[in-house]
Number of protein chains: 2
Amino acid sequence: MYEKKIPLPLECGLMMTREVLGGKWKPNLLFAIVEGINRPSQLQRAIPGATKRVLNLQLRELEEFGVIAKKIYPQLPPRVEYSLTEVGQTLLPILLQMNTWGEQNRTLIETVIAERSKR
Amino acid sequence: MYEKKIPLPLECGLMMTREVLGGKWKPNLLFAIVEGINRPSQLQRAIPGATKRVLNLQLRELEEFGVIAKKIYPQLPPRVEYSLTEVGQTLLPILLQMNTWGEQNRTLIETVIAERSKR
DNA sequence: TCCTAGGGGGTAAATTTTGTCCCCTATGGC
DNA sequence: GCCATAGGGGACAAAATTTACCCCCTAGGA
């Protein structure tokens, strides 16, 4: 894990949540897990933009924060399944709202990004 | 502005919202603006962890996405006021939920961060 | 003249996050 | 032996972001 050198300003709840959901793929991971895509190889296929390396790192962080639980079946070949914990469940409303907001403002955002890349 | 080299995967709404709210201080800026702390110098005082440089950069991005509006009063010394646009208002529920969630899970998160820094 | 408030910005460094590449265990099929 | 799947991980490089450190402007007051 990377050791932070700048202490986090965590007075406010926003920063807390940012700390948990901050990774690039974490929201998607949580979303996927809720939908039943809960094994590492499935997640890799479901989120093709990310390397398994990064997904593993982010999954581990989510696990550290107690947002997801990892169940390892002692088999060969190994089988691993993630699931949302109770705490993780409480994040769902936020994720759903974020998803909805993003969809509703898709046109706006894509336009801005397109403009930006022109310069 | 920084020019991204890796294209953003924006299929899903989550990524869109991430793009808008992604900056380290953006949620705090929006929160502060809603509370009436809407002039650059006030914001700098309200968010002491960030340089005015960074705040300016992030404010500009928020403005680009049409989330806040910048009003410049043609005076000397100059006076600038930010306000949420209608689109920006629609982000408030998300921010409030994030804030609430963070507060409710403060103990958990602080514990995890403390553990992490021990290693 | 110097300091303050109020606004802004450029450049380079530091920090943090992602990505690339390679390797390991074990089983089973060809 | 070679490939595939299922899981894992480390070293290092690159990209992205944030910060540090300077600088600019105007006007007013001591």
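Residues numbered from 1 in each chain as written. Chains lettered and ligands numbered in written order. Predicted model: local features only at pLDDT ≥ 70, side-chain atom pairs only at ≥ 80, totals over all residues. Heavy atoms only, no water.

As named in an unreviewed UniProt entry, chain A is Helix-turn-helix transcriptional regulator, taken from Spirosoma terrae.

Enquirer: Would you take a moment to explain the packing of helix 1 (residues 13–21) of chain A against helix 2 (residues 26–34) of chain A for this structure?
Expert: Each pair of packed helices can be described by the angle between their axes along with the distance between the axes. Residue and element names in this part refer to chain A. Viewed as axis vectors pointing N to C, helix 1 and helix 2 meet at an angle of 70°, and their least axial separation amounts to 8 Å. Put simply, helix 1 runs roughly perpendicular to helix 2. In this structure, helix 1 uses Glu-19, Val-20 and Leu-21 to contact helix 2, whose residues at the interface are Lys-26, Pro-27 and Leu-30. For the contact of helix 1 with helix 2, the residue count by class is 4 nonpolar, no polar and 2 charged. (Axes fitted to C-alpha atoms, helices over the stretch in contact; angles between N-to-C directions. Helix = DSSP H or I, 4+ residues; strand = E, 2+ residues; numbered from the N terminus. Parallel < 35°, antiparallel > 145°, perpendicular 65-115°, else oblique. Contact = heavy atoms within 4.5 Å. Nonpolar A, V, L, I, M, F, W, Y, C, P; charged D, E, K, R; others polar.)

Enquirer: What is the right way to read the interface of chain A and chain B from this model?
Expert: The figure often quoted for interface size is the accessible area lost as the parts come together. With 45 residues of chain A in contact, the opposing surface of chain B contributes 45 residues. Note on chain A versus chain B: buried area summed over both sides is about 4300 Å², and carbon and sulfur give 65% of it. Contact with chain B buries area across many residues of chain A, yet A:Leu14, A:Trp101 and A:Arg116 alone supply 18% of it, more than any other trio. Across the chain A-chain B interface, the total number found is 0 salt bridges. Run the count over chain A and chain B and you get 16 residue pairs in polar contact (both at pLDDT 80 or more). (Buried area = accessible area lost by both parts, 1.4 Å probe. Salt bridge = Lys/Arg side-chain N within 4 Å of Asp/Glu carboxyl O. Polar contact = N/O pair within 3.5 Å; in protein donor to acceptor, adjacent residues only side chain to side chain.)

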